[in-house]
Amino acid sequence: MHLSRIPQIKHTTEDNFFLLAGPCAIEGEDMALRIAEKVVDITDKLKIPYVFKGSFKKANRSRIDSFTGIGDEKALKVLRKVSETFKVPTITDIHEISDAEKAAEYVDVLQIPAFLVRQTDLVVAAAETGKVINLKKGQFMSPESMKHAVKKVTDSGNEQAWITDRGTMFGYQDMVVDFRGIPTMKQFAPVVLDVTHSLQQPNQSSGVTGGRPTLIGTMARAGIAAGVDGLFMETHFDPANAKSDGANMLDLSLLEKLLSDLVAIRQVVTQL
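What you see as residue numbers is a count from 1 along each chain, following the sequence as written. Per-residue local features are limited, in this predicted model, to residues with pLDDT of at least 70; the limit for side-chain atom pairs, both in listing and counting, is 80 or more; totals at the level of whole chains, interfaces and linings are taken over all residues. Only heavy atoms go into the side-chain values, all of them from the structure, while hydrogens and water stay out.

Chemist: I'd like a description of the packing of helix α4 (residues 120-127) against helix α5 (residues 146-154), backed by residues and values.
Modeler: Where α4 meets α5, the closest approach of the two axes is 8 Å, and the angle between their N-to-C directions is 45°. Considering the angle they form, α4 stands oblique to α5. The crossing of α4 and α5 is right-handed. Across from Thr 120, Val 123, Val 124 and Ala 127 in α4, the residues of α5 making contact are Ala 149, Lys 152 and Val 153. Every axis in this analysis is a line fitted to C-alpha atoms, fitted for helices over the stretch in contact. Angles between the N-to-C directions lie between 0 and 180 degrees. By definition, any uninterrupted DSSP run of H or I lasting at least four residues is a helix, any uninterrupted run of E lasting at least two residues is a strand, and each is numbered from the N terminus. Each angle receives one of four descriptions, namely roughly parallel if under 35 degrees, roughly antiparallel if over 145, roughly perpendicular if within 65 to 115, and oblique otherwise. In a left-handed crossing the near helix is turned counterclockwise from the far helix by less than a right angle, and in a right-handed crossing that turn is clockwise. Contacts are assigned to residue pairs with any non-hydrogen atoms lying within 4.5 Å of each other.

So, in structure tokens, the structure goes:
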């Protein structure tokens, strides 16, 4: 597990999972700091290693009028402000080769979106920054095939790769997680379960993605029971008015109880 190489992680993951959490997109400095402060308080209390998540821009939108960001440099500076304020590492996703070097100046982990994980030039550019690389499993890819994405990172001289499962397409408008893939992918790299995106209902006729947030707890508990190394959750203090992915985000007020339950489950799992 290479999480210890990320600056400012306070705890080990030998007895606990780690958490990637935050808003879908950076909407502004105040909202990012507000969310980070709450999550840091909870994860410090529960001794969960924490990485703040926030997209500096959203490139994969269904509609041209959907929110894409507040400006690249402005959003990246917000991510840096979160890291400096709360002494936690940060993660953001990139979409173009030029994004890799730019984002690497501000964050600790670069995330390759599921739709782009087979784009060799993008993965290599990210790997060559020396940052930890979080590879989201494509909705169209088998767990076994993710070893090739990891190899692109390691062949580029970077040993710090994670795999994040965010579900597989089930028909046109639903996602499903095949938990049989967790132990398979753990042979290649630490594995994270993206709880909230796995509950998306994409391709809605409105052009706005739907979701099933009432099942976040169920999905997260299943992931911990299946032995994932980390969890990914998008959370917001007002999901209904979030500018991106609000339909499948966890209300921030529910996070502490859920994480407390998950820590208890993790303790049982590690004793088996």
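Right, picking up where we left off after that structure.
Chemist: How would you summarise the pattern of salt bridges if you had to cite specific residues and measurements?
Modeler: Proximity of charged atoms lets side chains of opposite charge pair with each other. Any carboxyl oxygen of Asp or Glu within 4 Å of a side-chain nitrogen of Lys or Arg constitutes a salt bridge here. For the coordinates displayed, the defined rule picks out 14 salt bridges. Salt-bridge contacts for Lys 102 lead to Asp 72; the nearest nitrogen and oxygen are separated by 3.0 Å. Taken together, the residues span a long stretch of sequence, with Lys 102 in helix α3 (residues 97-104) and Asp 72 in helix α2 (residues 72-86) at a distance of 30 residues. According to the relative accessible area criterion, Lys 102 is partly exposed, its value standing at 30%. Between Asp 99 and Lys 102 there is a salt bridge; the shortest N-O distance is 3.8 Å. A residue pair is termed a helical-turn pair when its members lie 3 or 4 positions apart in one helix, as Asp 99 and Lys 102 do in helix α3 at three residues. Here the residues in one salt-bridge network are Lys 57, Asp 72, Asp 99 and Lys 102, joined through shared partners. For the exposure calls, accessible area comes from a 1.4 Å probe over protein chains only, and a residue counts as buried if that area is under 20% of its type's maximum, exposed if over 50%, partly exposed in between.

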